[in-house]
Amino acid sequence: MWDGIIIGGGLAGLIAGIRASERGKHVLIISEGAGSLTYSSGALNFGDVVQLRSRENHPYALIEENVIQAGMDYFQKLFPDYQGVCGRTQTLFTPLGSPRTANIIPSGQNAAVLQDAKRIVLMAPEGMKDFFSKIIKTNLKICYPQCIVDIYPFRISAFEAWHAIGKPVTGMEYARYWQSGPGIAELKRVLAGVTITCSETVVLFPGLATAFSEPLKEVLSETPFPVIEMTSFPPSAGGHNLYNALKQKFKSLGGELLMGTGVQRIELQEKECRKAIVSSKGRPTAFAAHSFILATGGILGGGIEVTAEAAQETLLGLPLYVPAEWTKSEFLGEQPYAHTGIEADSDLRPVDPGTKEVLFENLRVAGRMLAHWDPWTDNCGGGVSLTSGWYAGEKL
Ligand SMILES: Cc1cc2nc3c(=O)[nH]c(=O)nc-3n(C[C@H](O)[C@H](O)[C@H](O)COP(=O)(O)OP(=O)(O)OC[C@H]3O[C@@H](n4cnc5c(N)ncnc54)[C@H](O)[C@@H]3O)c2cc1C
């Protein structure tokens, strides 16, 4: 029997698995898909923790403030390349060349140095999908009026066959190429072609993700100018790299990962979960555990199914908090439906939204499945998943 089964291998499930495995627990993660981290830039937003904790039902308010800091510290110890502190944001670039902020970002994405730049060289890889050099240049000129912005087009032989048939090269494909042996040599050659016309030159590079790659970081450490990585449209290399690093860490600690298979139901005995039932080659297989973590990702992750009639938690039919008003007309504004999720106690165990009674003693809920928050307007998508995942792993 497993000490713990985690259902869902996104950011919350993987962090929970890593922490529990590190504590000596025998853990299985079962995940249908990769989770939303692979769509994100890999930068993590924690939001205004103090303000969010003052909201009675927000996930941050369920757990002690030091848990949020502990989750953040833990993550940075795992991945020292990710820098930042709680309560302070850092600047990075959107794929359109406008600055945005996040709390923890890979050091290569940190754009702080641009404040003092006089010239920006925007690298423009041939045929890169969703790369709009003129729009980026315009945005850069607005945000950094003290800078001259030069576009530096380049073409590499590895993608000649693609260019010949007009096939675009995604940011992910460029990022993968730069990480290969030939890619590293080519990157050196490309960067060597950039001329320095003023000493405060900064190079902005799309389709490059150096986190977790020592050889790439070494190449950039040798250039006479700082190189800043731009994030790309989803799927993004930054998010993918982090996702792969989390999986690798979990496995290196002895955790087992069953990917591509969804849990279909959970066998129950009174107020305890007993077995996760998975369909394998058409036959049901049961995995038994002492404790369970539900990190199935809410509406986007597949943990909550929404029909015209109702919103339903897909595995256990757990009662959900569903806001009375479902949507608002403002497209990018706060959307009440984002608050749909499972209410939990201070131990992250699911509770009945009406009576607040704990529903299952050996089940914890983490990440996007939790109720009463909006990752976009609260600006804390990664923060809630990371900290609740860490805490669930600590308690498993
Ligand atoms: C495009 C995009 C950009 C983002 N950008 C940022 C950002 O810049 N900063 C930030 O902080 N946050 C960002 N976020 C939010 C952040 O990525 C998410 O809040 C976080 O990754 C959610 O993690 P999670 O583990 O809670 O859920 P998910 O990542 O959704 O993971 C849930 C997992 O559960 C699995 N699952 C579901 N049902 C089952 C089942 N029955 N059996 C087994 N497995 C199941 C799913 O396949 C999935 O793997 C972004 C999100 C998106 C979509």
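Computed from a prediction, not measured in an experiment: that's the story for all the values here.

### Here we look at the overall build of the protein chain
Logical step 1: Helices and strands together make up the secondary structure of the protein chain, namely 12 helices and 17 strands.
Logical step 2: Against the compact-globule benchmark of 21 Å for 396 residues, the protein chain has a radius of gyration of 22 Å, which places it among compact chains.
Logical step 3: Across its three principal axes, the protein chain shows a C-alpha extent of roughly 70 × 45 × 40 Å.
Logical step 4: For the protein chain, the proportion of its 396 residues judged to be buried stands at 52%.
Logical step 5: In the protein chain, 65% of the contacts between residues at least 6 apart in sequence involve partners at least 24 apart.
Logical step 6: With the model as given, the accessible surface of the protein chain reaches about 17600 Å², and the carbon-plus-sulfur share is 51%.

### Remarks on the packing of aromatic side chains
Logical step 1: On inspection of all chains with the given rule, the structure shows 14 aromatic pairs.
Logical step 2: Ring centres of Y74 and W390 lie 6.3 Å apart, and the angle between their planes is 50 degrees; on these two criteria the pair is classed as tilted. Taken together, the residues span a long stretch of sequence, with Y74 in helix α4 (residues 65–78) and W390 in helix α12 (residues 381–395) at a distance of 316 residues.
Logical step 3: Judged by centre distance (6.2 Å) and plane angle (25 degrees), the ring pair of Y174 and W178 falls under stacked. Placement of the pair is Y174 and W178 together in helix α7 (residues 171–179), with a separation of 4 residues, close to one helical turn.
Logical step 4: You can call Y174 buried: its relative accessible area is 0%.

### Some points on the packing of α4 against α12
Logical step 1: Across the interface, α4 lies against α12 with an axial gap of 8 Å and an inter-helix angle of 95 degrees. With respect to their mutual orientation, α4 and α12 come out roughly perpendicular. Contacts between α4 and α12 involve V67, I68, A70, G71, M72, Y74 and F75 on the former and, on the latter, L386, T387, W390 and Y391.
Logical step 2: Grouping the constituent residues of the contact of α4 with α12 by class yields 9 nonpolar, 2 polar and no charged.

### Some points on the pairing of strand β2 (residues 27–31)
Logical step 1: Here β2 lies mainly inside the structure; 5 of its 5 residues are buried.
Logical step 2: Across the two faces of β2 the burial is the same, with V27, I29 and S31 and L28 and I30 all buried.
Logical step 3: Running through helix α1 (residues 11–22), the crossover from strand β1 (residues 2–7) to the neighbouring parallel element β2 is right-handed.
Logical step 4: For β2 and strand β11 (residues 256–259), the ladder comprises 4 bridges, and the chain directions are parallel.

### Quick look at helix α9 (residues 214–221)
Every α-helical turn comprises 3.6 residues, leaving residues that sit three or four positions apart pointing alike.
Logical step 1: Three or more residues of α9 are buried, namely L216, V219 and L220. Buried residues of α9, seen end-on, are gathered within an arc of 95 degrees and therefore sit on one face of the element. Facing away from the buried side of α9 by more than 90 degrees, the exposed set consists of E214, E218 and S221.
Logical step 2: Looking at the buried residues of α9, the elements they touch are α7, α8 (181–192) and β10 (227–230).
Logical step 3: A side-chain oxygen of the first residue of α9 lies 3.2 Å from the backbone nitrogen of L216; this N-cap is S213.

### Things to note about the side chain of S385
Logical step 1: Looking at the secondary structure, you find S385 in helix α12.
Logical step 2: A residue is classified by how much of its surface remains accessible, and S385, at 11% relative accessible area, is buried.
Logical step 3: Here S385 is in contact with L11, A12, G367, R368 and W373, once residues within four sequence places are set aside.

### A look at the site of the ligand
Logical step 1: Lining the immediate surroundings of the ligand are 34 residues, of which G33, S36, N45, V263 and G382 lie closest.
Logical step 2: Contact distances for the ligand include 3.0 Å between an oxygen atom and a backbone N or O atom of A12.
Logical step 3: E32 is positioned such that a nitrogen or oxygen atom in its backbone is 3.0 Å from a nitrogen atom of the ligand.
Logical step 4: Here the ligand, which alone exposes 1000 Å², has 90% of that area covered by the protein.
Logical step 5: At 3 residues, the largest contribution of residues to the shell around the ligand is made by α12.

### Observations regarding the packing of α7 against α8
Logical step 1: Their axes nearest at 5 Å, the elements α7 and α8 cross at an angle of 95 degrees. By the angle between their directions, the pair α7 and α8 is classed as roughly perpendicular. Between α7, through Y177, W178 and Q179, and α8, the contact on the second element is made entirely by G181, P182, G183, I184, E186, L187 and V190.
Logical step 2: Across the contact of α7 with α8, the residue classes tally to 6 nonpolar, 3 polar and 1 charged.

### Notes on the sheet that holds strand β9 (residues 201–206)
Logical step 1: Across the sheet, 4 strands lie side by side as β8-β7-β9-β10; this open sheet has parallel pairing. Two strands close off the open sheet at either side, each with one partner strand: β8 (148–154) and β10. For this sheet, the mean inter-axis angle between neighbouring strands, taken without regard to orientation, is 25 degrees.
Logical step 2: Two elements, β9 and β10, share 4 bridges in a ladder whose sense is parallel. The residue bridging F205 from the neighbouring strand is E229, located in β10.
Logical step 3: Across the sheet, helix α5 (residues 133–143) lies against β7 (119–125), β8, β9 and β10, angled at about 160 degrees from β8, the strand it touches most.

### Overview of the domain arrangement of the protein chain
Logical step 1: By domain assignment, the protein chain separates into domain 1 (2–85 + 241–395) and domain 2 (95–230).
Logical step 2: Every contact between the two is made by 19 residues of domain 1 and, on the other side, 14 residues of domain 2.
Logical step 3: Of the roughly 1400 Å² buried at the junction of domain 1 and domain 2 (both faces included), carbon and sulfur atoms supply 49%.
Logical step 4: At the junction of domain 1 with domain 2, the criterion picks out 1 salt bridge.
Logical step 5: For D81, the salt bridge identified is with K217, shortest N-O distance 3.3 Å.
Logical step 6: Run the count over domain 1 and domain 2 and you get 10 residue pairs in polar contact (both at pLDDT 80 or more).
Logical step 7: Only α4, β3 (82–83) and α10 (237–252) provide two or more residues apiece to the side of domain 1 that touches domain 2.
Logical step 8: By residue class, the composition of the side of domain 1 that touches domain 2 is 10 nonpolar, 8 polar and 1 charged.

Analysis parameters
- Residues numbered from 1 in each chain as written.
- Predicted model: local features only at pLDDT ≥ 70, side-chain atom pairs only at ≥ 80, totals over all residues.
- Heavy atoms only, no water.
- Helix = DSSP H or I, 4+ residues; strand = E, 2+ residues; numbered from the N terminus.
- Rg over C-alpha atoms; globule rule 2.2 N^0.38 Å.
- Buried < 20%, exposed > 50% of the residue type's maximum accessible area, 1.4 Å probe, protein only.
- Contact = heavy atoms within 4.5 Å.
- Areas by Shrake-Rupley, 256 points an atom, 1.4 Å probe, with all protein chains shown as cover.
- Phe/Tyr/Trp six-rings, centres within 6.5 Å; stacked < 30°, edge-to-face > 60°.
- Axes fitted to C-alpha atoms, helices over the stretch in contact; angles between N-to-C directions.
- Parallel < 35°, antiparallel > 145°, perpendicular 65-115°, else oblique.
- Nonpolar A, V, L, I, M, F, W, Y, C, P; charged D, E, K, R; others polar.
- Right-handed = clockwise from strand over helix to strand, strands pointing away.
- Pairing = 2+ DSSP bridges.
- Arc of directions from axis to C-beta.
- Polar contact = N/O pair within 3.5 Å; in protein donor to acceptor, adjacent residues only side chain to side chain.
- Near = heavy atom within 4 Å.
- Domains from an automatic or database assignment.
- Buried area = accessible area lost by both parts, 1.4 Å probe.
- Salt bridge = Lys/Arg side-chain N within 4 Å of Asp/Glu carboxyl O.

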